Amino acid sequence: MERASNSEGAGSGSKPVPAVEELESVVIRFVGDSGDGMQLTGAEFTRAAALGGNDLATYPDFPAEIRAPAGSLAGVSGFQLQFASGAIFTAGDAPDVLVVMNPAALKTNLAALEPGGMLLLDAGAFKPKNLELAGYEQSPLDDGSLANYRLVSVDFSKQVATALQGSGLSTKEVQRTRNFFVLGLLFWLYQRPTKPEIDAIRRRFVRRAEIADANIKVFEIGYHFGETAELFQTRYRVPSAKLAKGHYRNVTGNEATALGIVAAGQLAGRPVFYASYPITPASEILHNLAGLVRYGVTVFQAEDEIAAVTSAIGASFGGSIAVTGTSGPGFVLKQEGIGLAVATELPLVIINVQRAGPSTGMPTKPEQADLLLTLFGRNSESPVAVLAPATPVECFEMTIEAVRLATEHMCPVVLLSDGSLANGSEPWLLPDLAELKPMRLVYRTDPEGFAPYLRNPETLARPWALPGTPGLEHRIGGLEKEDVSGSVSYDPINHEHMVRTRQAKVDRIARGLPPAEVFGGEEGGLLLVGWGGTYGALHEATRTLRAEGCAVSHLHLRYLNPLQSNVGEILKAFEQVLVAELNCGQLSMLLRDRFLVDAKRLNKVQGQPFQVREIVSAARALLPKGVLRELRA
Amino acid sequence: MSMEPISLTRRDFVSKEAVRWCPGCGDYAILAQMQRVMPELGVAREKIVFISGIGCASRFPYYMNTYGFHTIHGRAPAVATGLRLARPDLSVWVVTGDGDALSIGGNHLIQTLRRNLDIKILLFNNRVYGLTKGQFSPTAQKGMRTKSSPDGTVARPFHTLALALGAEATFVARTVDTEVQHLQEMIRRMANHKGTSLLEIYQNCPVFNDGAFEDLKDRKLKSDHLLVLEQGQTLRYGAKQERVIKLNPMEARLFAGKVGEDDGGVEVVHNERAADPTLATLLSRLEGPEFPTPIGVLRAVEEPTFEEQTHALAEAQRTRLGKGSLGELLFGGERWDVS
């Protein structure tokens, strides 16, 4: 495509019809001020891609500040989306199209755009004050620094001002519609039908008809602008992906987690109790559940993280499916409570949506550095089961799995999500309801032969005996208990027995787990190992390398404690093992200790997900020099 | 629920666990009165749960033959909140101490009082940390010398009940461990209160703070030092009821005077049901040596509980939208089909 800079307003007379080019995949990144509505714009474009049948993945990347000073570098909010006609697993390494709402957004994001990439920007925002705030001495629009990109420069501000003249809206309100202008333009460029979006705008602003009208008008003007302004000689079409048949919806990890919590209650036919203290990036779980209380979910916004976990323990004692959700700093505060659930052997699910730390760290940025904290962050020997969903969609089933394990084995289970899973979204092929297995939560009712720590010989779980049950009156607590009877005990031999029993109880969970599966080959060559939200990047990297003929396979762990029984076997079947994590090497440390394998490390701690190319190049460096080994059939 | 009348005795509430408080500890008396009152309440034993934190007082649940949960330091109100929200059919009691409730667990206490869940909180106040062997607590009198304050403490103590009234607790009362009948009556009152009830029990620690409440216990002294609050009665005390707490209306403060003396003050009739907690707050701040210590119910008002309001919201959502099903949950939102 030709550079179409400053051609705004052009076009009259004979209009050349733009050609349509078919693309397999497109990555768009929207960047602007926190108040520019980038998350909304991204989400709306995502909906259009989903309704258009594309496979897709999103990665919202925003600051913790709700409204950082307008135009400042700190206030830049971004939303990246990849949509494709084939299967994709990440939101893309680098954008093909960068939509820029102001100079600060350009400054902080231009480096991500490859030369030749499309830069669609609001020329109206490149005013002296904004340029100064972004640290530009000269406007990048004038100094030739953008020559390597396909620059499409339009004065959005002027367009919306003209469009909404006489609408009665304030200048500020008018300018806030700019994102819908861009959205309209992109709808035209990627040939999306406008009707569903217009309906969506109506629904969204149902209480403010004048704002809905303005946004719709601007959206339509943006769309027609694409057609009339002759900025583009090509329109694009990303055909529908060949997705499996069925019903789809788009979900973020946090939405899927909330749905999993509700579903667990429905599958068990038992009440659910969710307690939480607001914290980024876990709060959406709380928000989602607050709207779903009619499903038998009691939602409690506690006074702090400790009250959240301990109230959940109280509800668990009472027979509820008890869940508490948080992120790193809150998870630290919950540790003593989790220890109480370990000692009293009550079922409890703790969701930690990990974020970059230490301390407050970078609240909106993902990291996977709480694994060792989860395993070892409490006083004494305090084992818990640990699960990690790999994708936003998987948050649903892994949450249900966490509830199942906690209630079957009478122990705390930690679900390690992260900021990129929590806010990232993808299409979800909705499960067949018949495939969701009912859960059987058993409460002890028979007083005959009852003792509070009488164990199931298979699982070692103690009975769940609820207050209100006649004849089962008993006392539990954080003091060490004599096995079976549950009396307070300082007996040395009993203590060691109880420590080992609590460990064995968690270890025995592995007996019921399906074997871990490897993508790629069963043995030989390089094994990439990961866990949690890095799945997409690792999977795509593995596919890329295998397509090139490299003997690379991928093991992604969903169960971190206990590990599935065949993990050691898998690790030993490969010549090389590379553990890729968004931390300084926590899983690799565990695997090296447990299996004495010479696991190499690929670590990134930038508060950003892995890029596919980073993994590809790290893997290549480990492959024998000059030899790309043929894969066995 | 069993339809038969529940007939239990004190012994039904005694657990098999050996009681391990120091000889002479005030906790024994409280335990005994609790076991004595429980059978009168008409609540099935299995419906009763005692929840405690950490400290001497917090061993209490082990000795009650009901359901019990000895939790972690300061968190008993939060555990109780979760249990009560999940199980409004249960009678939930919290046993805590001055360190547990007012220091490490201070926030949970005031938040619970603010929310008004139906939880009955017994706060054993001995003004010292006993289990950790004698450090000052947040109710220690200013200047108290302890192992961790050899030259005396410098901070003033909490007025426990003023704190509770600040949170607008719906039931606030005080008693003394040795006032057996009064203690029983206070337990009965809180058992019947719908909402969070806080009973502060002045309790002697014979090892680390012996005699802290001696003026309130000594037979000769106590009539001058105890002000027994009664609904609808004036605030008279003294051996011959000759002394009285009056209100100085110009300065909105209470003062100790004599009955019938023209001192510009007015006698106040105690009304525990007053919606405004101001007078109760004035009472909660009275202390020796200038004033007698009020015992009894300072405040008892009816307000909707947190749990009934929470569950009513869920019920309203069910009425509006239905009780929901798995299918509706998953398929109800915006979706598209691939065929």
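A brief report on the enclosed structure follows. (Residues numbered from 1 in each chain as written. Chains lettered and ligands numbered in written order. Predicted model: local features only at pLDDT ≥ 70, side-chain atom pairs only at ≥ 80, totals over all residues. Heavy atoms only, no water.)

**Some remarks on the overall build of chain A**
Check the secondary structure of chain A and you find 21 helices and 23 strands. The C-alpha radius of gyration of chain A comes to 27 Å, within 12% of the 26 Å expected for a compact globule of 633 residues. Seen along its three principal axes, the alpha-carbon backbone of chain A occupies a region of about 95 × 65 × 50 Å. Surface summary for chain A: the accessible area is close to 24500 Å², and the carbon and sulfur share equals 51%. Charge-centre separation for chain A: the mean point of 59 positive side chains lies 2 Å from the mean point of 68 negative side chains. (Helix = DSSP H or I, 4+ residues; strand = E, 2+ residues; numbered from the N terminus. Rg over C-alpha atoms; globule rule 2.2 N^0.38 Å. Areas by Shrake-Rupley, 256 points an atom, 1.4 Å probe, with all protein chains shown as cover. Lys, Arg positive; Asp, Glu negative; His and termini not counted. Charge placed at Lys NZ, Arg CZ, Asp CG, Glu CD.)

**Brief notes about the pattern of salt bridges**
Applying the stated criterion to the full structure yields 46 salt bridges over all chains. Across the salt bridge formed by A:R208 and A:E173, the nearest N and O atoms sit 3.3 Å from each other. Note that A:R208 is positioned in the loop between helix 7 (195-204) and helix 8 (209-228) and A:E173 in helix 5 (residues 171-175), a separation of 35 residues in sequence. A salt bridge links A:R558 to A:E394; the shortest N-O distance between them is 2.7 Å. Note that A:R558 is positioned in the loop between strand 20 (552-557) and strand 21 (559-561) and A:E394 in helix 15 (residues 394-409), a separation of 164 residues in sequence. A relative accessible area of 12% places A:E394 in the buried class. Connected through salt bridges with shared partners, the residues A:E44, A:R47, A:R203 and B:E334 form a single ionic network. (Salt bridge = Lys/Arg side-chain N within 4 Å of Asp/Glu carboxyl O. Buried < 20%, exposed > 50% of the residue type's maximum accessible area, 1.4 Å probe, protein only.)

**Here's the deal with the interface of chain B and chain A**
On the side of chain A, 71 residues touch chain B, which itself brings 58 residues to the contact. For the pair chain B and chain A, the summed buried surface comes to about 5300 Å²; carbon and sulfur atoms form 62% of the total. In this structure, the connection of chain B to chain A is made through 5 salt bridges. Seen at the junction of chain B and chain A, the total is 33 residue pairs in polar contact (both at pLDDT 80 or more). Elements with a minimum of two residues in the side of chain B that touches chain A: helix 2 (60-63), strand 2 (67-70), helix 3 (76-86), helix 5 (106-115), helix 11 (306-321), helix 12 (326-331) and strand 15 (336-338) of chain B. Per-class residue counts for the side of chain B that touches chain A are 22 nonpolar, 21 polar and 15 charged. In terms of strand pairing, strand 17 (residues 475-477) of chain A meets strand 2 of chain B through 3 bridges, oriented parallel. (Contact = heavy atoms within 4.5 Å. Buried area = accessible area lost by both parts, 1.4 Å probe. Polar contact = N/O pair within 3.5 Å; in protein donor to acceptor, adjacent residues only side chain to side chain. Nonpolar A, V, L, I, M, F, W, Y, C, P; charged D, E, K, R; others polar. Pairing = 2+ DSSP bridges.)

**Notes on the sheet that holds strand 1 (residues 48-52) of chain B**
Whenever strands of a sheet pair, they do so through backbone hydrogen bonds, lying parallel or antiparallel. With mixed pairing, the 9 strands of this open sheet are ordered in space as 17(A)-2(B)-1(B)-3(B)-4(B)-8(B)-7(B)-14(B)-9(B). Looking at strand neighbours, the two that pair on one side only are strand 17 of chain A together with strand 9 (226-228) of chain B, the edges of this open sheet. Strand-to-strand twist across the sheet, computed as the mean angle between neighbouring axes with direction ignored, equals 20 degrees. Of the pairings in the sheet, the one linking strand 4 (residues 119-125) of chain B to strand 8 (residues 197-202) of chain B comprises 6 bridges and is parallel in character. Paired with B:L122 across the bridge in strand 8 of chain B is B:L199. Lying on the sheet, helix 13 (residues 335-344) of chain A is in contact with strand 17 of chain A together with strand 2 of chain B; it crosses strand 17 of chain A at an angle near 140 degrees. Running over the sheet, helix 7 (residues 180-192) of chain B touches strand 3 (91-97), strand 4, strand 7 (171-176), strand 8, strand 9 and strand 14 (293-300) of chain B and is turned about 160 degrees from strand 7 of chain B. (Axes fitted to C-alpha atoms, helices over the stretch in contact; angles between N-to-C directions.)

**Topic: empty space enclosed by the protein**
All names here are of chain A. Within the structure shown, the criterion is met by 2 cavities of 30 Å³ or more. As a volume, the largest cavity reaches approximately 60 Å³. When its residues are assigned to classes, the lining of the largest cavity shows 5 nonpolar, no polar and 3 charged. Roughly 40 Å³ of internal volume is contained in the second largest cavity. Lining the second largest cavity, in full, are S320, I321, A322, P347, L348, V349, V403, A406, T407 and W464. For the lining of the second largest cavity, the secondary-structure elements that each account for two or more residues are strand 12 (321-326), strand 13 (348-354) and helix 15. Per-class residue counts for the lining of the second largest cavity are 8 nonpolar, 2 polar and no charged. (1 Å grid on protein atoms, 1.4 Å probe; cavity = no way out; pocket = protein on both sides within 12 Å on 5 of 7 lines; lining within 4 Å. Points joined across faces, edges and corners; volume = space filled by probe spheres on them.)

**Here's the deal with the state of the cysteines**
Counted under the stated rule, the structure contains 0 disulfides over all chains. Unpaired in terms of disulfides, A:C411 finds its nearest cysteine sulfur in A:C395, a separation of 20 Å. Free cysteine: B:C25, not disulfide-bonded; nearest cysteine sulfur from B:C22 at 6.4 Å. Under the relative-accessibility criterion, B:C25 is labelled buried at 11%. (Disulfide = S-S within 2.5 Å.)

**Overview of the packing of helix 1 (residues 38-51) of chain A against helix 7 of chain A**
Residue and element names in this part refer to chain A. Interhelical geometry of helix 1 versus helix 7 gives an angle of 135 degrees and a closest axis separation of 11 Å. On the basis of the axis angle, helix 1 is oblique to helix 7. Where helix 1 crosses over helix 7, the two elements pack in a sense that is right-handed. On helix 7, the residues touching L40, E44, R47 and L51 of helix 1 are P196, E197, A200, R203 and R204. Among the residues making up the contact of helix 1 with helix 7, the classes are represented as 4 nonpolar, no polar and 5 charged. (Parallel < 35°, antiparallel > 145°, perpendicular 65-115°, else oblique. Left-handed = near helix turned anticlockwise from the far one by under 90°.)

**Considering the environment of A:L141**
All names here are of chain A. Position of L141 among the secondary structure elements: in the loop between helix 3 (128-133) and strand 7 (150-154). In this structure L141 comes out as partly exposed when scored by relative accessible area, which is 23%. The residues touching L141, leaving out its near neighbours within four places in the chain, are L121, A123, F126 and L146.

Read these as spatial facts, not as claims about activity.
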